[in-house]
There are 2 protein chains.
Amino acid sequence: MDALDRRIIAALRLNGRATYAELGRTVGLSASSVHERVGKLEAAGVITGYHAVVDPSTVGLGVTALVGIQPTDTAADDDVAEALGSLVEVESCYAVAGDEAFVVKVRVSTVDELERTLGRLRRIDGVARTRTTVVLSTRFEARPNNEGLDEPPEEGA
Amino acid sequence: MDALDRRIIAALRLNGRATYAELGRTVGLSASSVHERVGKLEAAGVITGYHAVVDPSTVGLGVTALVGIQPTDTAADDDVAEALGSLVEVESCYAVAGDEAFVVKVRVSTVDELERTLGRLRRIDGVARTRTTVVLSTRFEARPNNEGLDEPPEEGA
DNA sequence: AGTGAAATTTCGCGGTT
DNA sequence: AACCGCGAAATTTCACT
């Protein structure tokens, strides 16, 4: 992984549909070289996928909440995590330090639906209590933290 | 927005680099129709972008934390949010209900760097206190919640 | 890493229902 | 309105140097 790879990654984080030709122009490489590098980055597990991002409110998911999951004394973390994963409303799941086992991000259509989802969460075996933080607005999300890899390409060659 | 649009969106959430031809085969439409629909979805702000997802640990960002931001009495939320956004380590920022104004997700290389980042957060004007939850493992993240739009295409035509 | 070439895709446009 | 086919330009994706 060199500086060129990092520049390619940065560009693909900004625009996941950038063409190889376009990326090549950005970093100063031929399309086929970019193609090869990207293939290696994917194979190495550096790039794990490409996803369209959808405005949740436009698809009827206007309510977001962060929910801390307090486990019972006897809970098996992996089983709880799996059960959390089986709920489509649970978008992300982090195992955390502290007296909560997990923090999950939940996305639903209405507060009514949020209430129902919290019920489902509490009914999971191994879940003792939930602590819900309602999101009022998402200021920014999943922002690419491009560790200073945004210098323009060289020209002299 | 009809069922076809939702199917296209679902497919693009799974694979943001799917070609229009491929999407057309998936949903049973011509490439040009898909092209037109996707263009409209983008223009309507339903699809807000396409991003490559990178395994953070492979790019030296192995430490994740969720940080609650307690504001001072006189804090201006928008100013605080903007200041949070100026830190590259802050990947997401949610304004929340409760006695914390924001919850942010922070991604850094080491716990040392986390400590420095928390210092930067506390030094922001309008920030009274921070409450940090260290992420031990990410079980899943940014999972596409495809509201049951995954039926296969029809064949009889 | 680059070149070259064939297969594929993009994307605007006209025509159809 | 939405869909499709057409076709030129661009891109992808190889094998090869």
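Quick notes on the rules
- Residues numbered from 1 in each chain as written.
- Chains lettered and ligands numbered in written order.
- Predicted model: local features only at pLDDT ≥ 70, side-chain atom pairs only at ≥ 80, totals over all residues.
- Heavy atoms only, no water.
- Helix = DSSP H or I, 4+ residues; strand = E, 2+ residues; numbered from the N terminus.
- Rg over C-alpha atoms; globule rule 2.2 N^0.38 Å.
- Buried < 20%, exposed > 50% of the residue type's maximum accessible area, 1.4 Å probe, protein only.
- Contact = heavy atoms within 4.5 Å.
- UniProt positions renumbered as here; feature names shortened; annotations may be inferred.
- 1 Å grid on protein atoms, 1.4 Å probe; cavity = no way out; pocket = protein on both sides within 12 Å on 5 of 7 lines; lining within 4 Å.
- Points joined across faces, edges and corners; volume = space filled by probe spheres on them.
- Nonpolar A, V, L, I, M, F, W, Y, C, P; charged D, E, K, R; others polar.
- Axes fitted to C-alpha atoms, helices over the stretch in contact; angles between N-to-C directions.
- Parallel < 35°, antiparallel > 145°, perpendicular 65-115°, else oblique.
- Left-handed = near helix turned anticlockwise from the far one by under 90°.
- Salt bridge = Lys/Arg side-chain N within 4 Å of Asp/Glu carboxyl O.
- Near = heavy atom within 4 Å.
- Polar contact = N/O pair within 3.5 Å; in protein donor to acceptor, adjacent residues only side chain to side chain.
- Buried area = accessible area lost by both parts, 1.4 Å probe.
- Pairing = 2+ DSSP bridges.

With that settled, the discussion passes to the overall build of chain A. The helix and strand inventory of chain A stands at 5 helices and 5 strands. Tracing chain A from N to C terminus, the helices and strands come up as α-α-α-β-β-α-β-β-α-β. In terms of overall dimensions, chain A is more spread out than a globule: its C-alpha atoms have a radius of gyration of 21 Å, far above the 15 Å expected for 157 residues. Principal-axis analysis of the C-alpha atoms places the extent of chain A at approximately 65 × 35 × 25 Å. Out of the 157 residues belonging to chain A, those deemed buried represent 43%. Put simply, 65% of the contacts in chain A that link residues at least 6 apart link residues at least 24 apart.

Here the focus is the UniProt feature "domain: HTH asnC-type" (unreviewed entry) in chain A. Those places that UniProt annotates as "domain: HTH asnC-type" (unreviewed entry) correspond, in this numbering, to residues 1-62 of chain A. With 53% helix and 13% strand, the stretch residues 1-62 of chain A has end C-alpha atoms that lie 40 Å from each other.

Time to look at the layout of surface pockets. In this structure, the second largest pocket occupies an estimated 320 Å³ of space. Broken down by secondary-structure element, the contributors of at least two residues to the lining of the second largest pocket are strand 2 (63-71) and strand 5 (127-140) of chain A together with strand 2 (63-71) and strand 5 (127-140) of chain B. Here the lining of the second largest pocket is built from residues that sort into 10 nonpolar, 7 polar and 6 charged.

The subject of this paragraph is the packing of helix 1 (residues 3-14) of chain B against helix 2 (residues 20-27) of chain B. Residues and elements named next belong to chain B. Contact pair helix 1 / helix 2: the axes reach a minimum separation of 10 Å and the direction vectors enclose 125 degrees. In terms of orientation, helix 1 and helix 2 fall into the oblique class. When you trace helix 1 past helix 2, the crossing you get is right-handed. For the pair helix 1 and helix 2, contact is made by Leu4, Arg7, Ile8, Ala11 and Leu12 and by Leu23, Thr26 and Val27, respectively. Per-class residue counts for the contact of helix 1 with helix 2 are 6 nonpolar, 1 polar and 1 charged.

Right, let's get into the pattern of salt bridges. All names here are of chain A. Going through the model one piece at a time under the given rule, you end up with 24 salt bridges over all chains. Of the charged contacts, one joins Asp5 and Arg37 as a salt bridge, the two residues approaching to 3.0 Å between their closest N and O atoms. Of this pair, Asp5 sits in helix 1 (residues 3-14) while Arg37 sits in helix 3 (residues 31-43); the two residues are 32 residues apart in sequence, bridging distant segments of the chain. Its salt-bridge partner being Glu91, residue Lys105 comes within 3.1 Å of it at the nearest N-O pair. Of the two residues, Lys105 is situated in strand 4 (residues 102-108) and Glu91 in strand 3 (residues 90-96); the sequence distance between them amounts to 14 residues. Glu91 shares its class with Lys105; the two are buried.

Our next topic: unusual backbone geometry. The backbone of A:Ala142 sits at a positive phi, close to 55 degrees, despite the residue not being glycine. By secondary structure assignment, the location of A:Ala142 is in the segment after strand 5.

Looking at DNA strand C, the residues that line it are A:Arg17, A:Leu29, A:Ser30, A:Ser32, A:Ser33, A:Arg37, B:Thr19, B:Tyr20, B:Ala21, B:Arg25 and B:His35. The sugar-phosphate portion of DNA strand C accounts for 74% of its atoms within 4 Å of the protein, the bases making up the rest. A distance of 2.6 Å separates a phosphate oxygen of DNA strand C from a polar side-chain atom of A:Ser33. Within the backbone of B:Tyr20, one N or O atom sits 2.9 Å away from a phosphate oxygen of DNA strand C.

Counting residues at the interface gives 60 residues for chain B, matched by 60 residues for chain A. For the chain B and chain A pair, buried surface summed over both sides reaches about 5,200 Å², with 53% attributable to carbon and sulfur atoms. Of all residues in chain B, the largest losses of buried area upon contact with chain A belong to B:Arg17, B:Tyr94 and B:Arg139, amounting jointly to 15% of the total for that side. Viewed at the interface, chain A and chain B are joined by 45 residue pairs in polar contact (both at pLDDT 80 or more). Of all the secondary structure elements, the ones that give two or more residues to the side of chain B that touches chain A are helix 1, strand 1 (47-54), helix 4 (77-85), strand 3 (90-96), strand 4 (102-108) and strand 5 of chain B. With 9 residues, the single largest contributor to the side of chain B that touches chain A is strand 5 of chain B. For the side of chain B that touches chain A, the per-class residue count stands at 32 nonpolar, 14 polar and 14 charged. Bridging between strand 1 (residues 47-54) of chain A and strand 1 of chain B involves 7 bridges; their strand directions are antiparallel. In the sheet register, A:Ala52 faces strand 1 of chain B, and the bridge partner there is B:Tyr50.

Time to look at the protein's contact with DNA strand D. Contacts to DNA strand D come from 13 residues, most closely from A:Thr19, A:Tyr20, B:Ser30, B:Ser33 and B:Arg37. Each atom of DNA strand D within 4 Å of the protein was classed as base or backbone; sugar and phosphate made up 71%. The side chain of A:Arg25 places a nitrogen or oxygen atom 3.2 Å from a phosphate oxygen of DNA strand D. Here a phosphate oxygen of DNA strand D sits 3.0 Å away from a polar atom, N or O, in the main chain of B:Ser30. When contributions to the surface near DNA strand D are tallied by element, the ones reaching two or more residues are helix 2 (20-27) and helix 3 of chain A together with helix 3 (31-43) of chain B.

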